[in-house]
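Here are the chains, one letter per residue:
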Amino acid sequence: MLKLWKPILADLGAQPLDLSPRRFGLVVACDGGLLEVSGLSVPVGAMCRVSHAPGKSLAAEVIGFRNGRTMMMLLGDMILLRPGARVWAEGRPGLLPVGDPFLGRAVDGEALPIDGGFAIHSRLEWPAGGVRTSALDRSPVRLPFDTGVRALNALTTFGVGQRIGVMAGSGVGKSVLIDMIARGASAEVVVVGLIGERAREVSDFVERHMQAEKRDKTVVIAVPADHAPNLRLRGAMLATAMAEHFRARGRQVLLIMDSLTRVAHAAREIGLLLGEPGAARGYPPSALATITKLVERAGNSAASGGSVTGLYTVLADGDNQDDPVVDTARSILDGHIVLSRDLAQRGQYPAVDIAASLSRVMNDIVPQDHQQLARQFRALIASYETNRDLVLMGAYRAGADPQLDRAIAMHDQLTGFLGQPQGEIVPLDESAAQLAALLGVGR
């Protein structure tokens, strides 16, 4: 127990004593979680406390200014909030806590533990918006990244420092695929941001991954769907800041964000509250810009030698692949994995639509023969899916198309290669060897 208190007491002794008077503001308006506070001048991004009952306070975040008043958004419910409530600033604005003490822990959007453990003490902080660097500081992707999933390793090989999106409608298996990658991926640190998802999924994920051998190198930031939009957005920034911190220390980091769409939804709610017009199907410009800012923070660092491999799930509302969030994510990411509802209904899991999936760095990180085998596999799958109705109706005459004949003959083996049990891990080298054996090529 004394070991837990020693660093805290040491930091308290090193902290300079602040004798300046504390400034307060007063709540003058409240509308749907949006507060207007007078008499308090604090920067955007600052955290504040609102006194709503004797001995109790609510957390709020500054999101803007209007007519000489400070605009804040509550991080919780507004029950018992009253006009004239006192508001004061706390902490350092624009900075988020990071560091090794978070390894093996699950926290919320305010970096407070939710796993029942001790309070987390860390003096290290990182800017919420990241540290902007030169574009040339991002070293190119040259090393393959092992996901443990056979179809992804063999046909859409990822690279260390790549940004990948997993795109699908609801209930198609995004979270299951993310779970498989989190279990089978090789990384020094795994940062998982569960943003806007169901609370049940959060508890299930923590139970599975925080009890296994990877616990000591995993950080989970969880903000379920019933939390305030700015808290969800803050959780995404905390996860990204945590990954950037470990990358600056030369670590190979896997950042998993589930889901990027919920982050965009949170940014949309905040933008509409501030009066922004809904441009693209109700999304204000700031909401789509939030996606770009988050994704661009992942990648390799030439200065430290570390990397952040970003894996983001993207919910296609109504299975619409032209949704603004999906389209924006696809344009900024270095690759995307598309999950098909039709394949899932046929019993193929993970339901990866190989023809629609793409890794933009695969040709730079795998040998030439591996690239050719992947192209052959894609061609066979595409040929069968294009003529599937003709084959099932018996309208196709054998011998008319040699490639389709081969695809029909190998259909069971091809679909079997794409499928994989959830608890199975297939390394990258083994995946490539199985692909070569399937297509009859010796390696």
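As the structure is a prediction and not an experimental result, all values here were calculated from the model. (Residues numbered from 1 in each chain as written. Predicted model: local features only at pLDDT ≥ 70, side-chain atom pairs only at ≥ 80, totals over all residues. Heavy atoms only, no water.)

Trainee: Any chance you could explain the pattern of salt bridges here in plain terms?
Mentor: Two side chains that carry opposite charge are able to pair once their charged atoms sit near each other. Per the stated rule, a full pass over the model turns up 14 salt bridges. When the shortest N-O distance is used, the salt bridge between R262 and E197 registers 3.9 Å. Of this pair, R262 sits in helix 6 (residues 260–273) while E197 sits in the loop between strand 13 (189–195) and helix 4 (199–209); the two residues are 65 residues apart in sequence, bridging distant segments of the chain. Of the residues examined, R262 reaches a relative accessible area of 26% and is grouped as partly exposed. The salt bridge involving R232 is made with E269; its shortest N-O contact spans 3.2 Å. Pair noted here: R232 is in helix 5 (residues 229–248) and E269 is in helix 6, with a separation of 37 residues, a long-range link. The exposure class of R232 is buried, given its relative accessible area of 9%. Via salt bridges that share partners, D100, R249 and R251 belong to a single interconnected network. (Salt bridge = Lys/Arg side-chain N within 4 Å of Asp/Glu carboxyl O. Helix = DSSP H or I, 4+ residues; strand = E, 2+ residues; numbered from the N terminus. Buried < 20%, exposed > 50% of the residue type's maximum accessible area, 1.4 Å probe, protein only.)

Trainee: Looking at this model, I keep getting lost on the packing of aromatic side chains. Mind explaining?
Mentor: We describe a pair of aromatic rings using the distance from one ring centre to the other and the angle between the two ring planes. Overall, the coordinates contain two aromatic pairs when judged by the stated rule. Relative to W88, the ring of F24 lies with its centre 6.0 Å away and its plane at 70°, an arrangement referred to as edge-to-face. With F24 in the loop between helix 1 (2–14) and strand 1 (25–31) and W88 in strand 6 (residues 86–90), this pair connects stretches of sequence that are 64 residues apart. On the basis of relative accessibility, which here comes to 33%, the residue F24 falls in the partly exposed class. Ring plane angle 50° and centroid distance 5.4 Å describe the contact between F377 and F417, whose orientation is recorded as tilted. Here F417 lies in helix 14 (residues 411–418) and F377 lies in helix 11 (residues 368–386), a separation of 40 residues in the sequence. Of the two residues examined, F377 and F417, each falls in the buried class. Its guanidinium or amino end placed over the ring of F417, R150 lies 5.5 Å from that ring's centre, counting from NZ or CZ. Above the face of the Y283 ring, R268 is positioned so that its terminal group lies 4.5 Å from the ring centre. (Phe/Tyr/Trp six-rings, centres within 6.5 Å; stacked < 30°, edge-to-face > 60°. Lys NZ or Arg CZ within 6 Å of the ring centre and 35° of its normal.)

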